[in-house]
Amino acid sequence: MAQEDVFKKVVSHCKEYGFVFPSSEIYDGLAAVYDYGQNGVELKNNIKQYWWQSMVLLHENIVGIDSAIFMHPTIWKASGHVDAFNDPLIDNRDSKKRYRADVLIEDQMAKYDEKIDKEVQKARKRFGENFDEALFRETNPRVLEHKQKRDALHERFAKAMNDNDLAELRQIIIDEEIVCPISGTRNWTEVRQFNLMFKTEMGSTADAASTIYLRPETAQGIFVNYLNVQKTGHMKIPFGIAQIGKAFRNEIVARQFIFRMREFEQMEMQFFIKPGTELDWFAKWKEWRMAWHQNLGFGAENYRFHDHDKLAHYANAATDIEFNMPFGFKEVEGIHSRTNFDLGQHEKYSGKSIKYFDPELNESYTPYVIETSIGVDRMFLSVICHSYCEEKLEGGETRVVLRLPAALAPVKLAVMPLVKKNGLPEKAQEIINDLRFHFNCQYDEKDSIGKRYRRQDAIGTPYCVTVDFQSLEDDTVTLRWRDSMEQKRVKISELQGIIEDNVTITSLLKKLK
Ligand code: GAP
């Protein structure tokens, strides 16, 4: 199936099975805003738990906070967001559509990569088993030509972004003959900067009103609480502060479902360290975070690092962890070495000292920071895209199954009475009443057993149990595994032991190296 089709199917599956709904749908929706349904919220909470516990439970020197979304407006001046949190925008005069200039150019670079991949695939078919891909990439004239064009574009683009040269960005779009996907024309306006923060007003009267911003990242809530936590928690450097919370960005090019939203959720951790040690810590956090992702078992080949050419105004090293989505490798997490920029700025703007007294060195300094920042919604998207699977079964039937890691699945066990009478529903309910304290169970009595299995496969339930007349006699049930569809007769008293160890967040955490 083409990857585009997979993505469309995932989006409609999310809606059909209560994972994600367009927000305000009965009023025709609100662009780039989504609501999570009954299964979506469970999956999302499990992702958050996996992250939170891997940070706060597994690291003695990382603690969590939950700071307010509304913050003093000067914070955003100090952090640089008022002046520099911009996207370069360009309009097509014919379609009247607005685009991010950098995204148009990045898409163009991706086209060169696609051309190279096509050449490689063609050659692989031609040469079969003897194909030497590395040699082909190094020597094939067409591949080399595409690569040379791509590299030249990349260099020019990186320079324009670093120099903040908007005229040059426009010129690249013209020179590369990039057309508007809607009108097909090259009738482009100038490139302008557009600030991404949402503004609102605080205070009941217009006179007293003061402009405040909806936070575009949760990180600043951590920075301005750094001293509170360090002092009250008696924290010694190196230590980290973790937070999960909503963030808001007025994204102009909002697309690809929950990949780019206007209201989304971040899981951020700021790790405070001694100046001069940042590149070592940066390397360690890169490794740990990649291990966290790969621990889900989606295959190492589906992840890659993408080091930044244009560093954010606060960073001296930065990389993204990208995941192989149906629409290409895309950023899921950012890891930044943020220097002492933020704490230094807050010292300057607040006039308060945020220095750390290092008892080992007997000196004070403003700590440096390594940040790991991952979007909950993007993580959700990567998990659901990778897990979505259509399988042909014997007899020609197709089943849709979400092969979610069991620890992330919304429901862990579905309990189904074979028929809705003769004491079977009561027996099923008895099993649930016992197991619901250990993991999320669902009672399901509607339709045939086959249909019920399909419904549970579609939401990724790893285990189903069928209660039949034999269960009333000998306290056994049929246990069915989602992935293999294997069925086995087991004692009811054994269910907890078989299931629990495979479905808890702890089971995932234990596998982390
Ligand atoms: N504090 C650093 C920071 O916010 P970022 O790279 O802008 O860095 C971090 O954002 C992560 O937040 C991204 O890797 C992505 O997963 C998520 N994210 C950013 N913008 C988003 C959006 N509009 N919709 C959904 N997720 C977004």
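Conventions and cut-offs
Residue positions are given per chain, counted from 1 along the sequence in the order it is written. Residue-level local features of this predicted model are given only where pLDDT is at least 70; pairs of side-chain atoms are given and counted only at 80 or more, and the full residue set underlies all totals for whole chains, interfaces and linings. For the side-chain quantities, the full set of heavy atoms in the structure was used; hydrogens and water were omitted. Only DSSP runs of H or I with at least four residues qualify as helices, and only runs of E with at least two residues qualify as strands; both kinds are numbered from the N terminus onward. Put simply, the radius of gyration uses C-alpha atoms, and a globule should come to 2.2 Å times the residue count raised to 0.38. Note on classification: 1.4 Å probe, protein chains only; a residue is buried when its accessible area is under 20% of the maximum for its type, exposed when over 50%, partly exposed between these limits. In this analysis, two residues are considered to be in contact whenever any of their non-hydrogen atoms come within 4.5 Å of each other. Residues scored as positive are Lys and Arg, those scored as negative are Asp and Glu, and His as well as the terminal groups of each chain are ignored. One atom stands in for each charge, and that atom is NZ of Lys, CZ of Arg, CG of Asp or CD of Glu. Here the rule is simple: two strands pair whenever DSSP picks up at least two bridges between them. Note on geometry: axes are lines fitted to C-alpha atoms, helical ones only across the stretch in contact, with angles between N-to-C directions running from 0 to 180 degrees. Polar contact is the term for a pair of N or O atoms within 3.5 Å; when the atoms are in protein, one must be able to donate a hydrogen and the other to accept it, and sequence-neighboring residues count only if both atoms are side-chain atoms. Domain start and stop positions are those given by an automatic or database domain assignment.

It is worth spelling out the overall build of the protein chain at this point. When its secondary structure is counted, the protein chain shows 18 helices and 23 strands. Relative to the 2.2 N^0.38 estimate, which gives 24 Å for 513 residues, the radius of gyration of the protein chain is 26 Å and therefore close to what a compact globule would have. Counting only C-alpha atoms and orienting by the principal axes, one finds that the protein chain spans roughly 75 × 65 × 55 Å. The buried share of the protein chain, taken over its 513 residues, is 49%. For the protein chain, the proportion of contacts with a sequence separation of at least 24, taken over those separated by at least 6, is 65%. Of the charged side chains in the protein chain, 70 are positive and 78 negative, and the gap between their average positions amounts to 3 Å.

We now examine the sheet that holds strand S10 (residues 263-273). The strand order across the open sheet formed by seven strands is S3-S9-S10-S16-S13-S12-S11, and the pairing between neighbours is mixed. The open sheet has two edge strands, strand S3 (62-64) and strand S11 (303-307), and neither has a second partner. Within this sheet the neighbouring strands show an average axis-to-axis angle of 25°, counted without direction.

Attention shifts here to the environment of Leu 135. Note on placement: Leu 135 falls in helix H6 (residues 133-139). What makes Leu 135 partly exposed here is its relative accessible area of 45%. Placed 109 residues apart in sequence, Leu 135 and Ile 244 show a C-alpha to C-alpha distance of 46 Å.

With respect to the helices and strands, the residue Thr 366 is situated in the loop between strand S15 (363-365) and strand S16 (368-375). Classification of Thr 366 by relative accessible area gives buried; the value is 9%. A distance of 3.2 Å separates polar atoms of two side chains, one belonging to Thr 366 and the other to Glu 347. Among all residues touching Thr 366, those that are not within four sequence positions of it are Pro 275, Asn 340, Leu 343, Gly 344, Glu 347 and Lys 355.

Turning to the domain arrangement of the protein chain, a few remarks are in order. Taken domain by domain, the protein chain consists of domain 1 (1-78 + 196-392), domain 2 (86-194) and domain 3 (403-509). Its C-alpha centre places domain 2 at a distance of 50 Å from the equivalent point of domain 3.

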